[in-house]
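Residues per chain, in single letters:
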Amino acid sequence: MKKIKLVSTLMVVGLLLLLSACGTSKTGSSEKKTLRVVTDAAYAPFEYQEKGKVVGFDVDFVNAVAKEAGYNVNIEHVGWDPIFVEIEKKTADFAVSAITITPERQQSYDFTVPYFLSKNEILVPKGSSIKSAKDLEGKKVAVQNGTTGQEVVEKLFGKNNPNIKKFKNNNLAILELKNGGADAVVADNTVIETYVKNNPKDNFEFIEDDTAFSKEFYGLLLPKDSKLKPELDKAVKTVIENGTYAKIYKKWFGVEPDTQTLKD
Ligand code: ARG
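Here we summarise the structure given alongside this text. It should be emphasised that the depicted structure is a prediction, and the values quoted were computed from it without experimental measurement.

What about the site of the ligand?
- As a structural note, the neighbourhood of the ligand is formed by 14 residues, with Asp40, Ala98, Thr100, Arg105 and Asp188 the closest of them.
- Between the ligand and Thr148 there is a distance of 2.8 Å, counted from an oxygen atom to a backbone nitrogen or oxygen.
- The separation between a nitrogen atom of the ligand and a polar side-chain atom of Asp188 is 2.6 Å.
- Summarising the interface, the protein chains cover 100% of the accessible area of the ligand, which totals 350 Å² for the free molecule.

Concerning the packing of aromatic side chains
- Taken as a whole and assessed by the stated rule, the structure comprises 21 aromatic pairs.
- Note on Phe46 and Tyr218: the rings are 5.2 Å apart at their centroids and 85 degrees apart in plane angle, and the pair reads as edge-to-face. Of the two residues, Phe46 sits in the loop between β2 (42-43) and β3 (47-50) while Tyr218 sits in strand β14 (residues 216-218), which places them 172 residues apart along the sequence.
- The buried category is assigned to Tyr218, whose relative accessible area is 0%.
- An angle of 75 degrees between the planes, with centres 5.1 Å apart, marks the rings of Trp80 and Phe84 as edge-to-face. In this pair, Trp80 and Phe84 both sit in helix α3 (residues 80-89), 4 residues apart, roughly one turn of the helix.
- On the basis of relative accessibility, which here comes to 6%, the residue Trp80 falls in the buried class.
- Phe84 gets classed as buried once you look at its relative accessible area, which sits at 13%.
- Aromatic rings pair up to connect Phe46, Phe57, Phe61, Tyr115, Phe116, Tyr218, Tyr245, Tyr249 and Phe253 into one cluster.

The rules behind these values
- Residues numbered from 1 in each chain as written.
- Predicted model: local features only at pLDDT ≥ 70, side-chain atom pairs only at ≥ 80, totals over all residues.
- Heavy atoms only, no water.
- Near = heavy atom within 4 Å.
- Polar contact = N/O pair within 3.5 Å; in protein donor to acceptor, adjacent residues only side chain to side chain.
- Areas by Shrake-Rupley, 256 points an atom, 1.4 Å probe, with all protein chains shown as cover.
- Phe/Tyr/Trp six-rings, centres within 6.5 Å; stacked < 30°, edge-to-face > 60°.
- Helix = DSSP H or I, 4+ residues; strand = E, 2+ residues; numbered from the N terminus.
- Buried < 20%, exposed > 50% of the residue type's maximum accessible area, 1.4 Å probe, protein only.

Below is the structure:
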């Protein structure tokens, strides 16, 4: 009698173990690998900090891409320059940070297929005499160090031009403009336009210049020859094609994206 009781207890325990094992494999979440993703969360609306959390368009986008590719992600704010160090040293799996795909960066890093169209733009106080990029000549221009914004103004006015003021992040460049230490900021159009819209009290306006600033595309930044590239490329394409991208885009920008430009 005692033996039967023991056997049946063991069977129940075994069954319970089996059921719980099925449970984990069904959700799968505990088996997913977590990727370390680095960012510079001082570039709203792409990545910024809210109540100690990194949020923004890029965060939603990367979460969707990771889900599609079957990974968990941990997005950590490390700052702009450290992003490139971490990717170079492979201490992070990839970076998201409104990073423009440029031929120079492509020599040392890999990028996924493009996910966002951008262009540099000028931020000035309303009523400024600056109406185009050419008008920046002789003016103090604040940029984030190591960005395409820095690159374009250096191309126009020379590499060691003392009028070009370089900052660790874009918020500090904007602060310099606010404090009167600069006459303009050059940075990505979406960031500039979001700032103007969200800070009406600053009395800033944005200046576009299609002749001086050309089209740029953002990509996710990976270590050279990363095995993740094909998986992420595929997931980026799927997220763009299956409407998830449009949903995220609409949440942040209120309008439909032009996904055709990304595919061309
Ligand atoms: N798109 C520009 C570049 O790649 C600026 C990006 C800055 N991003 C940031 N999170 N601060 O150079």
